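Coordinate inspection notes
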Amino acid sequence: MNLLDEGSVAIVEETDIVTVRQTVREAAGQIGLGVTDVTRVVTAASELARNVFKYGNGGSMTWKLLESEFAKGIELTFQDKGPGIPDIEQALQDGFSTGGGLGMGLPGAKKLMDEMSVDSSPQIGTRVVVRKWRSI
Ligand SMILES: Nc1ncnc2c1ncn2[C@@H]1O[C@H](COP(=O)(O)OP(=O)(O)OP(=O)(O)O)[C@@H](O)[C@H]1O
Ligand SMILES: [Mg+2]
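Residues numbered from 1 in each chain as written. Chains lettered and ligands numbered in written order. Predicted model: local features only at pLDDT ≥ 70, side-chain atom pairs only at ≥ 80, totals over all residues.

1. Notes on the overall build of the protein chain
Using the following cut-off: Helix and strand assignments come from DSSP, with helices taken as H or I runs of at least 4 residues and strands as E runs of at least 2, each series counted from the N terminus. Computation of the radius of gyration draws on C-alpha atoms alone. For the globule rule, the value is 2.2 Å times the number of residues to the power 0.38. Once C-beta atoms are placed from the backbone, any two residues with those atoms within 7 Å are in contact.
Looking only at helices and strands, the protein chain features four helices and five strands. Computed over the C-alpha atoms, the radius of gyration of the protein chain is 14 Å, within 12% of the 14 Å expected from 2.2 N^0.38 for a compact globule of 136 residues. In terms of principal-axis extent, the alpha carbons of the protein chain reach across some 40 × 25 × 25 Å. Counting contacts in the protein chain only where the partners sit at least 6 residues apart, residues at least 24 apart contribute 64% of the total.

2. Some words on the pairing of strand E2 (residues 59-67)
This is how it is decided: When DSSP locates at least two bridges between a pair of strands, those strands are taken to pair.
Pairing between strand E1 (residues 2-11) and E2: nine bridges, direction antiparallel. By the bridge assignment for E2, leucine 3 is matched with leucine 66. Inspection of the sheet shows E2 paired to strand E3 (residues 71-80) by nine bridges, in the antiparallel sense. Across the sheet, glycine 59 pairs through a bridge with aspartate 80, a residue of E3. Where E2 folds back onto E3 in an antiparallel hairpin, the turn is made up of three residues.

3. What to know about the environment of threonine 39
Summarising the element assignment, threonine 39 is placed in helix H2 (residues 35-55). In this structure, the C-alpha to C-alpha distance between threonine 39 and arginine 25, residues 14 residues apart in sequence, is 7.6 Å.

4. Observations regarding the pairing of E3
The criterion, for reference: Partly exposed residues are those falling between the two cut-offs: more than 12 but fewer than 20 other C-beta atoms within 10 Å of their own, whereas 20 or more means buried and 12 or fewer means exposed, with C-beta atoms placed from the backbone.
Extensive coverage of E3 is indicated by the burial of seven of its ten residues. Pairing analysis gives nine bridges linking E3 to strand E5 (residues 125-135), with the strands arranged antiparallel. The residue bridging isoleucine 74 from the neighbouring strand is lysine 132, located in E5.

5. Brief notes about the site of ligand 1
Note the threshold: Any residue whose C-beta atom, as set from the backbone, lies within 6 Å of a molecule or strand is reported as near that molecule or strand. Amino acids are sorted into nonpolar (Ala, Val, Leu, Ile, Met, Phe, Trp, Tyr, Cys and Pro), charged (Asp, Glu, Lys and Arg) and polar (every other residue, Gly among them).
Near ligand 1, the surroundings consist of 23 residues, among which Asn51, Ser97, Thr98, Gly101 and Gly105 are the closest. When residues of the shell around ligand 1 are traced back to their parent elements, those giving at least two are H2 and helix H4 (105-112). If you tally residues by element for the shell around ligand 1, the top one is H2, at four residues. Of the residues contributing to the shell around ligand 1, the split by class is ten nonpolar, eleven polar and two charged.

This is the structure:
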């Protein structure tokens, strides 16, 4: 797996979510994802960045463009140092929210992306990694 490019956006203020959206849109376009897939990735990134801001007391989004023999892909890592998610399985269910939201952010992001992993602990915070691939 080759790393083609990478970068990072701090998520401190609510307006940083706009920067995340713009950065992800540009990066996803670089690997030749179609318009629909770019929109899927941007929508997922927006939800995950909002969670970092709302529940994680802020953090960061790191993006990486990857290339293997068969595919190019975009990997996004959302990291915060917040209180963590006590029950990840529950948080991934449609409609579960502790913040009066729709509870569709995490399950929606999972559906929109090809891969998603969630790691969380009260000591370290929460890390969500998502990937989207395009065959070459
Ligand atoms: N980064 C995070 N740190 C701590 N808890 C989180 C984090 N992200 C999500 N959660 C927990 O998981 C729940 C589900 O998240 P999800 O994004 O699916 O829904 P929501 O943010 O509550 O509502 P919506 O995204 O639809 O507005 C949240 O209510 C919150 O309890
Ligand atoms: Mg959410």
